[in-house]
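Breakdown of the fold
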Amino acid sequence: MKTVLTSLFLLLTNLAFAQFPGGGPGGPGGQGGNSDGVRRRTQTEAIPGVAEEPTPKGNSKITGYVVDSSLTKAVEFASVALYTKATNKPVDGTAANEKGKFTLTRVAAGEYKLLVTFIGFNTKTIDNLTIEKGKDVDLGVIKLSPNVKTLDEVTITGQASMIEERVDRLVYNAEKDLTSKGGDAADILRKVPMLTVDLDGNVQLRGSSNIRVLINNKPSTIIASSVADALKQIPADLIKTVEVITSPSAKYDAEGSAGIINIVTKKNTLQGLTLNLDTGIGIRGSNMGLNSNYRKGNLGLSLGGFGRAFYNKAESSSDQSTLLGGNRILSSQTGKANDRGLFGHYTLGMDYDISKTQSITTSVRYGTRNFLQEQNLMTELYQNSLLLNTSDRDVSTKNLSGTVDVNLDYLRTFKAGQEWSISTLYSRNDNTNNFDADLLSGIGDLTGRQRNINNSTNQEITLQTDYQTPIKKNQMLEFGGKGIFRQVNSNFQYLFANPSGDFSSEINRPAGSLDYSQNIAAGYVSYTYSTPNKYTFKLGTRYEYTTIDAKTREAGNIAIPAYGNLVPSINVSKSLKAGTTLKAAYNRRIQRPGIQQLNPNVNAANPQNISVGNPDLRPELTDNFELSLSTSIKKTYLNMSVFSRFTNNAISQVRIPSDSLPGALITTFQNIGHQQTYGVNVFANTNITPKWTLSGGIDLYYAYLQGQTPGLNGQTVTVSNSGVVIGGRLMSQLQLKNGWGLQAFGGMRGNQVQLQGTQGSFYMYSLGVRKDFNSKKGSVGIAAENFLANGMRIRTALNSPTFSQVNTNQLMNQNLKVTFSYKIGKMTMQAPRHKKSVSNDDVKGGEGGGEGGNQQQAAPAAAPAAPRQR
């Protein structure tokens, strides 16, 4: 740790302090930022001069807070344009942040008018605005009233569409999803373009599971342990947006070969006290959530809890053939399982404005997972077509975990666009993964008992600091440093007992352990430059130095040398006519192995399909290239992108026949070699009528994998596999009279290419209806999922020179659920005093998309009645 801290200190002192407060360019305020610290959504296209004439320089400031006329929510990213009374031409402008706050700085003395616009609302004009030299003007709350006609005319995002595109990311507005209420985060992610979520909750981005998942821009050890388990702990009702970032800038951690998924939860910014109740009951699960928020002046508090229980059945069958000592062993297995689970998510948060220029944010989150499975496995073994034996096995599996995340963030704003932040995070996941098995003969007699005990912990401490400053009105410089200190421990033991005896250690599998320390020192610099002809260049580089200290009880110290990685990123965008944007990007990413891939515990709950980690794994490196075009064609928004991905030292699952257990396969992880992916994504969003929207997309890519696997006679052979994978989704929403709404969704993914075979295709669909109460304080709904078939059947086929396997799983995933939500409390709208939040892209808090969360800008222009859409 001392080495990492020293490296981090040197990075910071060399990169940062020449530009530190007082020493860096002051930068005219313009649209490069705002005083509340949420600047990233407007820094790119708002940096160029948007005024039709040179902007007079002054030292006054105009602030305000934009809300809808019902005072129920802020109008996010509303366009604000400042006009001179003399010429009636715009001289400055900006966009409100996600809390509705906007700031115009360095305004000269004079007579002005202010126009506030956003799609779906009537334009608000504030006339006779007099600015005196050196005096600030606070406009307080500005109310915008809805405009149904505008919604009909501007249909790209007139209803704040389900899918939005921003400068470096795609955003799915989950809070508008009707059918996912009562579900978890996996139900939301299944509907997001470019993402694929299988029936177990495993997530892929453009065909790769090597991704970085953040919650409110923060990592968590539960995600490091298992993305699928983490998604089950996050209620769908709590999610505001899902951001898919395929070309992260240098400010992001380099981890995540395919990109980053950021799950943004809902956060209240209104004054007063509220209590929200969300509950649902279904044939596959039930849930209840209770969340409260209190905000008074500079202080905001939140307290919430969510619990979800699920219950399901599954059936499986497997036929696999292996070679052992020149004999072919056939294993035929059938299984039936009953799954039960209880997931919880509890949070306590606080944010406080110390002064007009300083704020702190802190939160504590606890997540719990209790997964229980009762499974019966019937196995028949054949050697050269002759039956060897029949066995039966009753297995009880317990997969329990608890995760705590604690963060404390500080933000100091010096002037518009210039700020310094410090972020800290402590995260710990304690995991128990045990099983007990009763071993039965073919006629049902108990022949013995087996037990596997595996307790593991994953702890992470993160320290980070960031600084940014504008350079003139068309440039932005950002840099910072970060230290991550990770500690992974796993202890495991196998016990065996005769039918009437006590458990004792199994001789063939002695107790073992893994101690794995990983420390990372990182520094980055990022530079943004925008030209008058609507080009935007964002260039950056990040250097990460990693040290690893690992040892196991069996093998002692594992020699894994320290390594350094320089990861550049380039993002270029060009705004064309008629709302068309062309973007090109390149970045390099790293994927480090996780606890499940490292853990050397031999999990033999199913002795024919054994899994074990590999503590010798090295990180993989990936180069990503992307070119995309977005445009509007009448009432349709269309986005098309082509991409390629080249990975060296790829971490992949490899299956090997067991030398000691006839017919068994061992699944482990290895750095297999190379992966190449070429693909295209297309998605569109259209308003068929002002109240009927249709959106959908297609994902198509070609994958080539090459690596080395064990062959005959102990030799290693080079194998390869390739194929085309197709997936897609289609969703429609219809808003009816009197608060009624309908939504339908369908999605699928074709066969998935693996190094040693293919994983089967799957599909899913849902239909939901919701009724909002007239008071707008609650709703009731009903949704049906996969209701036309008796479960989902997935077939996976694997093969190599030494084995073949065909595995079929059937999951009973039909579901019918009823949901209810209600809000209690009275809210008032007050303009907060320079509210700030740390919207760091890496581990900092805040609700929005962090740096690079730029939208297709609502840039003030000469025609404020037609701002660029979200």
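If you're wondering where the values come from, they're calculated on a predicted model, not measured in any experiment.

Definitions and limits used
- Residues numbered from 1 in each chain as written.
- Predicted model: local features only at pLDDT ≥ 70, side-chain atom pairs only at ≥ 80, totals over all residues.
- Heavy atoms only, no water.
- Helix = DSSP H or I, 4+ residues; strand = E, 2+ residues; numbered from the N terminus.
- Contact = heavy atoms within 4.5 Å.
- Pairing = 2+ DSSP bridges.
- Axes fitted to C-alpha atoms, helices over the stretch in contact; angles between N-to-C directions.
- Core = buried A, V, L, I, M, F, W, Y, C linked by side-chain atoms within 4.5 Å.
- Buried < 20%, exposed > 50% of the residue type's maximum accessible area, 1.4 Å probe, protein only.

Looking now at the side chain of Thr667. Along the chain, the position of Thr667 falls in strand β33 (residues 665-689). Among residues more than four places away in sequence, those in contact with Thr667 are Ile610, Ser611, Val612, Gln653, Val654 and Arg655.

On the basis of which strands lie adjacent, the open sheet formed by four strands has the order β3-β2-β5-β6 and antiparallel pairing. Among the strands making up the open sheet, the edge pair consists of β3 (90-95) and β6 (124-131). Between one strand axis and the next, the sheet turns through 20° on average, direction left out of account. As paired strands, strand β5 (residues 110-117) and β6 are joined by six bridges and run antiparallel to one another. Each bridged residue has a counterpart across the sheet, and for Tyr112 the counterpart in β6 is Leu129.

What follows is about the pairing of strand β39 (residues 762-772). Pairing between strand β36 (residues 740-749) and β39: 10 bridges, direction antiparallel. Of the residues in β39, the one forming a bridge with Trp740 is Lys771. As consecutive antiparallel partners, β39 and strand β40 (residues 778-785) are separated by five residues, and within that stretch Lys776 has a phi angle of approximately 65°, a positive value.

Tyr172, Ile188, Leu189, Ile239, Val242 and Ile261 are the most contacted members of the largest nonpolar core, which has 34 residues in total. By residue number, the principal contributor to this core is helix α3 (residues 185-189), which donates four residues. Apart from the residues lying within four places of it in its own chain, the contact partners of Ile261 are Leu189, Leu195, Val203, Ile211, Arg212, Val213, Leu214, Val242 and Glu243. If you look at the next biggest cluster of nonpolar residues, it comprises 23 residues, including Ala78, Val116, Ile126 and Leu144.

Let us now look at the sheet that holds strand β4 (residues 101-107). Taken together, three strands build an open sheet; the order of strands is β4-β1-β7 and the sheet is mixed. The sheet terminates laterally at β4 and β7 (137-144), the two strands that pair on one side only. Taken pair by pair, the neighbouring strands of this sheet meet at an average axis angle of 20°, ignoring direction. The pairing of strand β1 (residues 60-68) with β7 spans six bridges and is classified as parallel. Bridge pairing in β7 links Tyr65 to Val141.

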